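Residue-level structural notes
The lines below spell out each chain.
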Amino acid sequence: MNPGETLDFPPGFLWGTATSPTQVEGHIENEWTQFTALDGGNCRRACDHYHRYPEDVDWMARLGANAYRFGIEWSRLQSAPFAPLNPNELARYVHLLECLQAKSITPMVVLHHFSNPQWINAWGGWTNPATIPAFVDYVRQLGAALKGKVHLWNTFNEPDTYACMGYLLGGFPPHNKWRLGKFRRVIDHMARAHVKVSRILQQEGGGKIQVGIAKNWTFFHAYKKWLPWDQAMAYACHYTFNKFVLDAFLGGGRRRASTFIGLNYYGRVRFHHFRPMIPASGMSLKALEKIGFVCDDMVERYPEGLAKILSYLNRKFRLPIYITEHGSASSDEKFRESDLCENLASLHGAIAGAVDVRGFFYWSLMDNFEWQFGYAKKFGLLTVDFEDEKLPRSLKPLGDFYSQICRTNTVARP
Ligand code: FCB
């Protein structure tokens, strides 16, 4: 995207921000409560969104965002299988929805974002098929309780990342490594649960209901294209995390269960002698820069990939798409701004090419608990002073920039 260029987005486009319960709420009892991240941090207080959500909704309104993607935490609502929902916790989420409505901010609710109630974990989590009916019961009750209040539902956030980190790489609870059978079982059970709860929400949700998963899409490539082992590595990752997972959720007749596809897009991973060349795997940003890689503090940026994956998903599934997450972590706000411009230009190109994209949710509203990395990765539009008891939020330059986009429905590169 050239400086001075302006791109208009379709009328009614959703410009939102995104968070997840474990990463922002605090005071949570799930498998992450006792987890200590690489930087020594934990999620026990996080951003205290649990108490400060009215203030955070005000921030969203100040940004001019017209949508918010957030999770409802299962462990807060059900203390045992098939138990009635906890009325106090439910009331808090209903109040959050009311605060959003008062500011004309459309909610997108995520039902599962890398966490479960401890009683689910105790019986083996999603490796156990008994989790499916328990989840279906939970969603049936939640859907009924929120009837008419939520029209956009995201069932599972990045099942690929969840199953990979928990059962192949071991970075997330339950920290299993190389259990491919469990990985596949988790995906299979989640996909079956997705189909069931999608039907329930659509039939009983009240009004026009949209339901979909959020699929993380990472491109996997060989750094040196002629090295067959890196090509094989890249293909194995693509097959396992992209193809197998998409087929499980959207293949064959299962496609009919979804009314949209949520796409979480950050970039790509290139391999060199089996090594992923990304900061998140410990490579230094400096070393990567030297060989011409453009990265944030996590992965290689690959803005042109966004248009590619959008047109692929469009051709294959013919469903509307929301960008349910995109963002960057860096202390360099200028870099983040140009990265956002490049990615939005790529998105704009896909829309111009007739891909039906309905909205974009920036990850994240504020700096938060970034799973195994703790508080070291700064994805926020707002910064949070974690040293201060009161956890004050303040706008970062990128927040200001994103606000212009939300308010004008255009991206103008300065
Ligand atoms: C995604 C996750 C989200 C956050 C971002 C940076 O994979 O869904 O919770 O960690 O990455």
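Residues numbered from 1 in each chain as written. Predicted model: local features only at pLDDT ≥ 70, side-chain atom pairs only at ≥ 80, totals over all residues. Heavy atoms only, no water.

Topic: the site of the ligand
Surveying the vicinity of the ligand reveals the residues Gln-23, His-113, Phe-114, Asn-157, Glu-158, Asn-264, Tyr-266, Glu-325, Trp-363, Glu-370, Trp-371 and Phe-379. In this structure, Asn-157 approaches the ligand through a side-chain N or O atom, which is 2.9 Å from an oxygen atom. Note that an oxygen atom of the ligand is positioned 2.6 Å from one of the side-chain N or O atoms of Glu-158. Its free accessible area being 290 Å², the ligand has 92% of it covered by the protein chains. Of the residues belonging to the shell around the ligand, the class tally is 5 nonpolar, 4 polar and 3 charged. (Near = heavy atom within 4 Å. Polar contact = N/O pair within 3.5 Å; in protein donor to acceptor, adjacent residues only side chain to side chain. Areas by Shrake-Rupley, 256 points an atom, 1.4 Å probe, with all protein chains shown as cover. Nonpolar A, V, L, I, M, F, W, Y, C, P; charged D, E, K, R; others polar.)

A few points about the pairing of strand S3 (residues 67-71)
Judged by how many residues are buried, S3 sits mostly within the fold: 5 of 5 residues are covered. Of the two faces of S3, the one holding Ala-67, Arg-69 and Gly-71 and the one holding Tyr-68 and Phe-70 are both buried throughout. Note: strand S2 (residues 14-18) against S3, 3 bridges, orientation parallel. Bridging from a neighbouring strand, Gly-16 pairs with Ala-67 of S3. Bridge count for S3 against strand S4 (residues 106-112) is 5 bridges, and the pairing is parallel. Looking at the pairing, Phe-70 lines up with Val-109 of S4. (Buried < 20%, exposed > 50% of the residue type's maximum accessible area, 1.4 Å probe, protein only. Helix = DSSP H or I, 4+ residues; strand = E, 2+ residues; numbered from the N terminus. Pairing = 2+ DSSP bridges.)

Digging into the pattern of salt bridges
Evaluation of the coordinates by the stated rule reveals 19 salt bridges. Across the pair Lys-215 and Asp-160 runs a salt bridge, and its minimum N-O distance is 2.8 Å. One end of the pair, Lys-215, is in strand S6 (residues 210-222); the other, Asp-160, is in helix H7 (residues 159-167), and 55 residues separate them in sequence. The structure contains a network of salt bridges with shared partners spanning Glu-25, Arg-76 and Arg-92. (Salt bridge = Lys/Arg side-chain N within 4 Å of Asp/Glu carboxyl O.)

Description of the packing of aromatic side chains
Counted under the stated rule, the structure contains 40 aromatic pairs. Measuring from centroid to centroid gives 5.8 Å for Phe-183 and Phe-241, while their planes differ by 80 degrees, and the two rings are edge-to-face. Taken as a pair, Phe-183 in helix H8 (residues 180-204) and Phe-241 in helix H9 (residues 228-250) lie far apart in primary sequence, 58 residues in all. You can call Phe-241 buried: its relative accessible area is 15%. An aromatic cluster is defined as three or more aromatic residues linked by ring pairs; in this entry it consists of Trp-32, Phe-35, Phe-114, Tyr-162, Phe-172, Phe-369, Trp-371, Tyr-375 and Phe-386. When the ring centre of Tyr-93 is taken as origin, the NZ or CZ atom of Arg-92, which lies over that ring, is 4.6 Å away. The lysine or arginine in question, Arg-270, covers the ring of Phe-293, its NZ or CZ lying 4.1 Å from the ring centre. (Phe/Tyr/Trp six-rings, centres within 6.5 Å; stacked < 30°, edge-to-face > 60°. Lys NZ or Arg CZ within 6 Å of the ring centre and 35° of its normal.)

Brief notes about the side chain of Glu-89
For Glu-89, the location among the structural elements is in helix H4 (residues 87-102). Buried and unpaired, Glu-89 has no salt bridge, with Arg-92 as the nearest side chain of opposite charge at 4.1 Å. Reaching out from Glu-89, the side chain makes a polar contact with the side chain of Tyr-50 at a distance of 3.0 Å. The contacts of Glu-89, once residues within four sequence positions are left out, are Tyr-50, Arg-76 and Leu-77. (Lys, Arg positive; Asp, Glu negative; His and termini not counted. Contact = heavy atoms within 4.5 Å.)

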